[in-house]
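Chains, contacts and geometry: an overview
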Amino acid sequence: MMGSFSVKPVKVGICGLGTVGGGTFNVLKRNAEEIARRAGRGIEVAQIAARRPNPKCETGSTPITADIFDVANNPEIDVVIELIGGYTLAHELVLKAIENGKHVVTANKALIAVHGNEIFAKAREKGVIVAFEAAVAGGIPVIKAIREGLAANRINWLAGIINGTGNFILTEMREKGRAFADVLKEAQALGYAEADPTFDVEGIDAAHKLTILASIAFGIPLQFDKAYTEGITQLTTADVNYAEALGYRIKHLGVARRTDKGIELRVHPTLIPADRLIANVNGVMNAVMVNGDAAGSTLFYGAGAGMEPTASSVVADLVDVVRAMTADPENRVPHLAFQPDSLSDHPILPIEACESAYYLRIQAKDHPGVLAQVATILSERGINIESIMQMEVEEHDGLVPMILVTHRVLESRIIEAITAMEALDDVVGNVVRIRVEQLN
Ligand code: HSE
């Protein structure tokens, strides 16, 4: 091997030895030499904080404590790797580590999305780095790609499948007809799901990640509380099949778009044309499309969750920290991509002010003229219909499903139209509404 690493190794402490913590330890050990050649110094795990051992991780003689604050307060440790998850204890741990002058690497999207503004301000005061590549899209280096690789661009929009568990569930349901609960259990066993899996299926986890992506793409502060979130639990096989018949796939998508009035920040089930690459991202895989004015559309694809894919991002951050720790803090890449005093106050739009095309499924009585009434409601509100499909009468209830896809329209306008449709005598129950994005 060329070169030698006579400089003392950097000492790191891993807090949390679950799926990601175990993966991080294993990757650091297995690839120690390769990693040191990249970082310019060895990296030594000097302490682990864990409540229980991880059978997938042979920690050998590495000291283990049950108290995460032992790591944050350990004077030997240069970098604290926070992999315990959650908003509360992780928040205290990261603030303590920063206060003690330690750099931090975290995979915690909830923590960054909710407390990131405060954490980065504290980190700047102390001149330390808080790195969070693993917080978004598991093993895909998308934070680095947007923050550095696309730094020339004015980013117009980004859209991503950014929850592996949800995508795994949707794929298994669509391809194998498996039941929702059954697939979710498997995702939990594989270590993909959050401690509270409602975060996955209700879009909260994706909204955490989208908040982070939007911030580094548009140079705005983190504003998770303004993200719109809709989950996948209400999706039916009927809509999945009708979408297919129309040439679309349903994906749980996070969308962030810059408009003149503000920024759209929304997570919801979405119909995407089936021939788009992103529509064919299946299982636990994630993908993020980013559209910039110079680069055009780029697509980043890879495993969105799991032991070593997520560890790959944690370790990459660690290498970055090791390289940058001796540099003047002013010369480091800003946490949120833009210089902290140059963040924009362009507002996040409420969902009613967002614009999208819509798939509508209307259950109507088999009477003449219903379709005409529905079309009138739409035309009176200036909503163009892109396609329409009227199905056969359903035997079990005698109702006729009518499927419509509209052109792009303001959410408030479609809500008005849906309210008017639901008030028609011949329309039964609620109109199903799913957003449609062409992503072109
Ligand atoms: N629960 C998350 C997912 C883990 O399924 O995507 C990775 O952030």
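Worth saying up front: this structure is predicted, and the values here are computed from it rather than measured.

Basis of the calculations
Residues numbered from 1 in each chain as written. Predicted model: local features only at pLDDT ≥ 70, side-chain atom pairs only at ≥ 80, totals over all residues. Heavy atoms only, no water. Helix = DSSP H or I, 4+ residues; strand = E, 2+ residues; numbered from the N terminus. UniProt positions renumbered as here; feature names shortened; annotations may be inferred. Near = heavy atom within 4 Å. Polar contact = N/O pair within 3.5 Å; in protein donor to acceptor, adjacent residues only side chain to side chain. Areas by Shrake-Rupley, 256 points an atom, 1.4 Å probe, with all protein chains shown as cover. Nonpolar A, V, L, I, M, F, W, Y, C, P; charged D, E, K, R; others polar. Buried < 20%, exposed > 50% of the residue type's maximum accessible area, 1.4 Å probe, protein only. Pairing = 2+ DSSP bridges. Contact = heavy atoms within 4.5 Å.

So, on to unusual backbone geometry. A positive phi angle, near 60°, is found at Ala-137, a position not held by glycine. Relative to the assigned elements, Ala-137 resides in the loop between strand E6 (130-131) and helix H6 (142-149). Phi angles above zero are rare outside glycine, and Leu-439 is one such case at about 55°. Mapped onto the fold, Leu-439 is located in the segment after strand E17 (432-436).

What follows is about the UniProt feature "domain: ACT" (unreviewed entry) in the protein chain. Under the feature "domain: ACT" (unreviewed entry), the UniProt entry names residues 359-436. End C-alpha to end C-alpha, residues 359-436 measures 6 Å, and it is 29% helix and 36% strand.

This part covers the site of the ligand. Within the structure, the ligand sits among Lys-109, Asn-163, Gly-164, Thr-165, Tyr-192, Ala-193, Glu-194, Asp-200, Asp-205, Lys-209, Gly-304 and Ala-305. At 2.7 Å from an oxygen atom of the ligand is found a main-chain nitrogen or oxygen belonging to Gly-164. Asp-200 places a polar side-chain atom, nitrogen or oxygen, 2.7 Å from a nitrogen atom of the ligand. For the ligand, the protein covers 93% of the area, taking 260 Å² as the surface of the free molecule. Contributing elements (two or more residues each) for the shell around the ligand: helix H7 (164-176) and helix H10 (204-218). Taken together, the residues of the shell around the ligand break down into three nonpolar, four polar and five charged.

This part takes up the pairing of strand E15 (residues 399-406). Along a regular strand, successive side chains alternate from one face of the sheet to the other. Summarising burial for E15: eight of the eight residues are buried, a large majority. Side chains Leu-399, Pro-401, Ile-403 and Val-405 of E15 all project onto a buried face; the interleaved residues Val-400, Met-402, Leu-404 and Thr-406 project onto the opposite face, where all are buried too. Pairing analysis gives seven bridges linking strand E13 (residues 355-365) to E15, with the strands arranged antiparallel. For Leu-360, the partnering residue across the bridge sits in E15 and is Leu-404. Here strand E14 (residues 385-390) runs beside E15; their pairing, made up of five bridges, is antiparallel. Within E15, the position partnered with Ile-385 by the bridge is Thr-406.

Where burial is concerned, most of strand E9 (residues 248-258) is hidden: ten out of the eleven residues are buried. Alignment of E9 against strand E10 (residues 263-273), held across eleven bridges, turns out to be antiparallel. For Arg-258, the partnering residue across the bridge sits in E10 and is Ile-263.

A few words now on the UniProt feature "binding site: L-homoserine" (unreviewed entry) in the protein chain. Those residues carrying the UniProt feature "binding site: L-homoserine" (unreviewed entry) are Glu-194 in this numbering. Mapped onto the fold, Glu-194 is located in the loop between helix H8 (180-189) and helix H9 (198-201). Judged by its relative accessible area of 22%, Glu-194 is partly exposed. Setting aside residues no more than four positions away along its own chain, Glu-194 makes contact with Lys-109, Phe-199, Asp-200 and Asp-205. Here Lys-109 takes part through its side chain, which lies 2.8 Å from a polar atom of the side chain of Glu-194.

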